[in-house]
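# Report on the structure
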Amino acid sequence: MRRTVYNEDHEAFRETIRAFIEAEVVPVHDEWYAAGQAPRDFYHQLGELGVFGIEVPEEYGGAGEESFKFQAVITEECARAGVSFGGSGVHVALCLPYLKAYATDEQKKRWLPDFVSGRAMYAIAMTEPGTGSDLAGMKTTARLSEDGTHYVLNGSKTFITGGVHADRVIVCA
Ligand SMILES: Cc1cc2nc3c(=O)[nH]c(=O)nc-3n(C[C@H](O)[C@H](O)[C@H](O)COP(=O)(O)OP(=O)(O)OC[C@H]3O[C@@H](n4cnc5c(N)ncnc54)[C@H](O)[C@@H]3O)c2cc1C
C-alpha cells in the first residue's frame, strides 16, 4: 500500500534518521539494553541532530513545525531497526506540549533553548505508588511557600520514564 501522509521533507528526514540509527545506535544498543538506559550523552547527540527542536517555536530556537509527523518517522525508524531512543520520546511527545501550552513567555525563553539542545532533559511525573490510570487519586501536593517564591512538593512518584537523567520534571500534584 502506498502511503500519502508523508511528503518529501519527511522522507529526507527519514533517510537522516535511518543513517543515524545505523551509525550511532545499532552498534551500541545491546550495551544500553544491558545497562537499562541510554547514556546521557546520547541526548546531546539527538539535540545536535535537531530532533528535539522540530516542534519548538522558532522564537525559542526550534523549527516551528506544528505536525507530529517527524516524530512518527522517528518511531517508525526505531521500530524498523529494533532500537529505542531511551526516554527522549517523553521529552518531546509528552513534555513539550505542556511547556508550549502552560509555560509563560519568560519560562519558554529560559527553558526551551536547553530543551532543544538536549542540555536539559525533561520527564513527567504523574504515576504514584497507589495511583496509575486513576489520576484523580493522586496524593502528591504542591503548596506555595510562605514567602510566595516557590512551591513545596510532598509525595511519591514511580515509573517515571527518563527520571534518572531528567534535569527538569513536570510534576502532577
Ligand atoms: C514503560 C512505562 C513507562 C512509564 N512512564 C511513565 C512516566 O514517564 N510518567 C508517569 O507518570 N508514569 C509512567 N508510567 C506509569 C503508567 O502511566 C502507569 O503504569 C499507568 O497509568 C497504569 O497505572 P498502573 O500501572 O497503576 O495500573 P492500574 O491503573 O492499576 O491498572 C491496572 C489494570 O486495570 C485496568 N483498569 C484501570 N482502571 C480501569 C477502569 N476504570 N476500568 C477498567 N479497567 C481498568 C487497566 O487497564 C490495567 O489493565 C509508565 C509505565 C510504563 C509501563
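Structure: see above.
In what follows, the accompanying structure is described. (Residues numbered from 1 in each chain as written. Predicted model: local features only at pLDDT ≥ 70, side-chain atom pairs only at ≥ 80, totals over all residues. Heavy atoms only, no water.)

### With respect to the environment of Val28
Under the convention used in this document: Going along the chain from the N terminus, every DSSP run of H or I of four or more residues is numbered as a helix, and every run of E of two or more is numbered as a strand. Exposure categories follow from relative accessible area, calculated using a 1.4 Å probe and restricted to protein chains: below 20% of the type maximum is buried, above 50% is exposed, and the middle band is partly exposed.
Inspection of the secondary structure assignment puts Val28 in the loop between α1 (8-25) and α2 (29-35). For Val28, a relative accessible area of 25% puts it in the partly exposed group. As for Val28 and Ala81, which are separated by 53 residues in sequence, their C-alpha atoms are 13 Å apart.

### Considerations on helix α3 (residues 40-49)
Note the cut-off: Think of the arc as the fan of directions from the helix axis to the C-beta atoms. Whether two residues touch is decided by their heavy atoms; if any such pair falls within 4.5 Å, the residues are in contact.
Of the positions making up α3, those classed as buried are Arg40, Phe42, Tyr43, Leu46 and Gly47. End-on view of α3: buried residues confined to an arc of 155°, all on one side of the axis. Facing away from the buried side of α3, by more than 90 degrees, are the exposed residues Asp41 and Glu48. The secondary structure elements touched by the buried residues of α3 are α1, α2, α5 (88-102) and α6 (105-117). Once α3 ends, the next one or two residues include Gly50, with phi positive near 95°.

### A look at the nonpolar core
Keep this limit in mind: The criterion is simple. A nonpolar core is a set of buried Ala, Val, Leu, Ile, Met, Phe, Trp, Tyr and Cys residues joined through side-chain atoms within 4.5 Å.
Phe13, Val25, Phe42, Leu46, Phe52, Phe85 and Phe115 are the most contacted members of the largest nonpolar core, which totals 38 residues. Elements represented by at least two residues in this core include exactly α1, α3, α4 (69-81), α5, α6 and β1 (122-125). Setting aside residues no more than four positions away along its own chain, Phe42 makes contact with Phe20, Val25, Trp32 and Phe85.

### Observations regarding empty space enclosed by the protein
What counts is decided by this rule: A pocket, in this scheme, is an open set of points on a 1 Å grid over the protein atoms alone with protein on both sides within 12 Å along at least 5 of 7 lines, while a cavity is a set where a 1.4 Å probe fits but cannot get out; residues line either one if an atom lies within 4 Å of a point. Grid points are joined across faces, edges and corners, and a volume is the space filled by probe spheres set on the points. In this count, Pro and Cys sit with the nonpolar residues alongside Ala, Val, Leu, Ile, Met, Phe, Trp and Tyr, while Asp, Glu, Lys and Arg are called charged and the others, Gly among them, polar.
Summed over the entire model, instances satisfying the criterion amount to 1 cavity of 30 Å³ or more. If you add up the space inside the largest cavity, you get close to 40 Å³. If you trace the largest cavity, you find it lined by Tyr43, Gly87, Met121, Tyr122, Gly162, His165 and Ala166. In terms of residue class, the lining of the largest cavity is built from 4 nonpolar, 3 polar and no charged.

### Remarks on the site of the ligand
Put simply, the rule is: The near set for a molecule or strand comprises every residue that places at least one heavy atom within 4 Å of it. Polar contact is defined as a pair of N or O atoms within 3.5 Å, subject to the rule that within protein one atom must be able to donate a hydrogen and the other to accept it, and that residues adjacent in sequence are counted only when both atoms are side-chain atoms. Every accessible area reported is derived by Shrake-Rupley at a probe size of 1.4 Å, with residue values counting cover from the shown protein chains alone.
By nearness alone, every residue bordering the ligand is listed as Ile124, Ala125, Met126, Thr127, Gly132, Ser133, Phe159, Ile160 and Thr161. Met126 has a polar backbone atom sitting 2.7 Å from an oxygen atom of the ligand. In the model, a nitrogen atom of the ligand is placed 3.0 Å from a nitrogen or oxygen of the Phe159 main chain. Protein coverage of the free-state accessible area of the ligand, which is 980 Å², stands at 34%. When grouped by side-chain class, the residues that make up the shell around the ligand number 5 nonpolar, 4 polar and no charged.

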